[in-house]
There are 2 protein chains.
Amino acid sequence: MLQEFKPENGANADIAPLSAKQMEDVCPVRSVISHVGDKWSTLVLGELSQKPYRFGELRRSISDISQRMLTQTLRDLQRDGYVNREVFPTKPPSVEYSLTELGQSLVFSLKQLIEFALENHPKVVDARRKFDAENM
Amino acid sequence: MLQEFKPENGANADIAPLSAKQMEDVCPVRSVISHVGDKWSTLVLGELSQKPYRFGELRRSISDISQRMLTQTLRDLQRDGYVNREVFPTKPPSVEYSLTELGQSLVFSLKQLIEFALENHPKVVDARRKFDAENM
DNA sequence: CTGAATCCTACTTGATACTG
DNA sequence: CAGTATCAAGTAGGATTCAG
C-alpha cells in the first residue's frame, strides 16, 4: 500500500529526467509529504493550527527560524493550498497567516504520526544506543 | 499539540549548538519523522512492509536508488530499530532485511498520511496551478 | 513590518572504483 | 552478493543587506 511512492519506472524509464518541480507532481504521496520531512513546515503548521499568526509573531514564536526560511516555508505552504495569506493595508502593513481547511486536514493526519513518535521515541533512542554500542 | 516539534528555547537557548546527531534526540517528533520526509526511507519501508527482501532484490525493486543510498537508508532504519538485518553465511553471502514490529507500527501510522495524500493530491495540484498563475 | 536579493557554507547525493 | 571509499556536483540553509 505504499507503492504509490514509487514513480512509474516502466513507461517513463527512458524519457528525459524530470526537473525537481515536475517530479513533485509525479508521485502524489511524495508530493504531499515533502512538507512533512521539511525542517520547518511542520513547526509552522503546528503553530498555525492553534491560531492565525502575523509574520513577526510567527517568527518570534519559532525563534530559531531565519526570516528567509520562514518566508519561503510560508510561500510553499500557501502554494500548496495549506495556508491562507491575508494582507491588511495598515501602516505599516501587516500580514496574517492562517490554515485553510486543507491545512487543518493535513495537521489532523499528522497527529497519528506524532502520537506514534511520542509513544515510541524511547524505543528508538534505545535502539540507537544499542546499535551504536555494537558498532563501536 | 504540535509544540513538541519545537526544541526548548528557554533553557538551552544560550548553550552551545548541538550536533545534528545530538539534535536528533532533543525533539522526539522530529527524531521520528526525519525518516518520513526522507527521499528513500518511505520507499524502503513500503517495500519491506510487503515481504522481507535481500539487498539486491530491494535494489532492483526500487530501481532508481543508488546502491550507496540503499545501504545508508537501511543502516539508518536499522539503527532506529525499524528494520532487521540478518546475514546468512552462504557463499556468496546473502543478507535479508525485514521490518521489526516497531517498523510495522511506523508503517501503519504512515498510512493515514498516505491516504490524505492520495485523497487530496488533486486539490494540491490545483492550488499550485492557481498560485503559479497568479504569481506569473 | 514584511519581505526580496545576494552571497557563501555545509550537508546530501550520485557516479565510480574497489573489497571480503 | 553485499557492501566500503573517494571524489564531484547539487541543494538547502544561514547571514547580511536593501526595499515598499
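Note that this is a predicted model, so its numbers are computed, not measured.

Asker: Before we move on, could you go through the pattern of salt bridges and cite the residues and values that matter?
Answerer: All names here are of chain A. Following the criterion strictly, the structure yields 10 salt bridges over all chains and no others. Of the charged contacts, one joins Glu57 and Lys51 as a salt bridge, the two residues approaching to 2.5 Å between their closest N and O atoms. On the accessibility criterion, Glu57 (29% relative accessible area) is partly exposed. When its relative accessible area of 36% is taken as the criterion, Lys51 is described as partly exposed. Each of Asp126, Arg129 and Lys130 takes part in one network of salt bridges that share partners.

Asker: Talk me through the sheet that holds strand β1 (residues 53-54) of chain A; I want residue IDs and the actual numbers.
Answerer: All names here are of chain A. Reading across from one edge, β1-β3-β2 is the order of the three strands in this open sheet, with antiparallel pairing throughout. Lying at the two open borders of the sheet, with one neighbouring strand each, are β1 and β2 (83-88). Contacting β2 and β3 (94-99), helix α5 (residues 67-79) runs over the sheet at an angle of about 115 degrees to β2.

Asker: Please provide a residue-by-residue account of the relation of the copies chain B and chain A, values included.
Answerer: Superposing chain B onto chain A requires a rotation of 180 degrees together with a translation of 0.0 Å along the rotation axis, leaving an RMSD of 0.1 Å. Classification of the inter-copy transformation places it as that of a two-fold axis. Residue B:Gly37 of chain B places its C-alpha closer to the rotation axis than any other residue of that unit, at 1.7 Å. Take the interface residues of chain B: 100% of them recur as interface residues in chain A, which is what a same-surface contact looks like.

Asker: Just give me the short version of the protein's contact with DNA strand C, but keep the residues and values in it.
Answerer: Near DNA strand C there are 18 residues, and of these A:Gly56, A:Gln67, A:Arg85, A:Tyr97 and B:Met69 occur at the shortest range. Counting only atoms of DNA strand C within 4 Å of the protein, the fraction found in sugar and phosphate groups is 56%. Within the side chain of A:Arg75, one N or O atom sits 3.3 Å away from a phosphate oxygen of DNA strand C. Between DNA strand C and the protein, one listed contact pairs a base oxygen with a side-chain N or O atom of B:Arg68 at 3.2 Å. Looking at the surface near DNA strand C, the elements that each hand over two or more residues are α4 (55-62), α5 and β3 of chain A together with α5 (67-79) of chain B. With four residues, the single largest contributor to the surface near DNA strand C is α5(A). Of the residues that constitute the surface near DNA strand C, the class distribution is eight nonpolar, four polar and six charged.

Asker: Got a sec to walk through the protein's contact with DNA strand D? Specific residues and values, please.
Answerer: Taken together, the neighbourhood of DNA strand D is formed by 19 residues, with A:Met69, B:Gly56, B:Gln67, B:Arg85 and B:Tyr97 sitting nearest. Counting only the atoms of DNA strand D that lie within 4 Å of the protein, the sugar and phosphate share comes to 57%. One of the backbone nitrogen or oxygen atoms of B:Gly56 is found 2.7 Å away from a phosphate oxygen of DNA strand D. For DNA strand D, a phosphate oxygen lies 2.5 Å from a polar atom in the side chain of B:Tyr97. Those elements giving two or more residues to the surface near DNA strand D turn out to be α5 of chain A together with α4 (55-62), α5 and β3 (94-99) of chain B. The element best represented in the surface near DNA strand D is α5(B), accounting for four residues.

Asker: Run through the sheet that holds strand β1 (residues 53-54) of chain B, naming residues and quoting values.
Answerer: Residue and element names in this part refer to chain B. Overall, antiparallel pairing links the three strands, which are arranged β1-β3-β2 in an open sheet. Either end of the sheet is taken by a strand with one partner, and the two such strands are β1 and β2 (83-88). Relative to β3, β2 runs antiparallel, the two being bridged by six bridges. Note on β3: the bridge partner recorded for Arg85 is Tyr97. Strands in contact with helix α3 (residues 41-48) are β1, β2 and β3; relative to β3, the strand with the most contacts, it is inclined by about 95 degrees.

Asker: Before we move on, could you go through the nonpolar core and cite the residues and values that matter?
Answerer: Counting residues in hydrophobic clusters, the biggest one holds 62 residues, and the most contacted among them are A:Leu48, A:Tyr82, B:Leu48 and B:Tyr82. Once residues within four sequence positions are removed from consideration, A:Leu48 is found in contact with A:Tyr53, A:Leu58, A:Leu74, A:Val83, A:Tyr97 and A:Leu99.

Asker: Please give an account of unusual backbone geometry that cites residues and values.
Answerer: Residues and elements named next belong to chain A. The step from Lys91 to Pro92 runs through a cis peptide bond, and the omega angle for that step is 5 degrees. Counting through the fold element by element, Pro92 comes out in the loop between β2 and β3. Although it is not a glycine, Ser63 adopts a positive phi angle of roughly 60 degrees. Positionally, Ser63 belongs in the loop between α4 and α5. Judged by its relative accessible area of 35%, Ser63 is partly exposed.

Conventions we followed
- Position numbers for residues count from 1 along each chain, tracking the sequence in the order it is written.
- Both sets of labels track the order of writing: A upward for chains, 1 upward for ligands.
- Where totals are concerned, whole chains, interfaces and linings use all residues; where local detail is concerned, this predicted model gives features only for residues with pLDDT of at least 70, and gives and counts side-chain atom pairs only at 80 or more.
- Only hydrogens and water are removed before side-chain values are computed, so all heavy atoms of the structure are retained for them.
- Each salt bridge in this description consists of a side-chain nitrogen of Lys or Arg and a carboxyl oxygen of Asp or Glu lying within 4 Å of one another.
- The buried label applies to any residue whose accessible area, calculated with a 1.4 Å probe on protein chains only, is under 20% of its type's maximum; exposed applies above 50%, and partly exposed to all values in between.
- One requirement defines pairing of two strands: DSSP has to find at least two bridges between them.
- Where helices and strands are cited, they refer to DSSP runs of H or I of at least four residues and of E of at least two residues respectively, numbered from the N terminus.
- We call two residues in contact whenever any of their non-hydrogen atoms come within 4.5 Å of each other.
- Here the axes come from fitting lines to C-alpha atoms, over the contacting stretch only for helices, and the angles between their N-to-C directions go from 0 to 180 degrees.
- Superposition of the copies used a least-squares fit over C-alpha atoms from residues whose pLDDT is at least 70 in both.
- Proximity criterion: a residue is near a molecule or strand once any of its heavy atoms comes within 4 Å of it.
- Each polar contact in these results corresponds to two N or O atoms within 3.5 Å; when the atoms are within protein, one needs to be able to donate a hydrogen and the other to accept it, and residues that are neighboring in sequence are counted only if both atoms are side-chain atoms.
- Polarity classes work like this: nonpolar for Ala, Val, Leu, Ile, Met, Phe, Trp, Tyr, Cys and Pro, charged for Asp, Glu, Lys and Arg, and polar for all others, with Gly in that last group.
- Side-chain atoms within 4.5 Å are what join buried Ala, Val, Leu, Ile, Met, Phe, Trp, Tyr and Cys residues into a set we call a nonpolar core.

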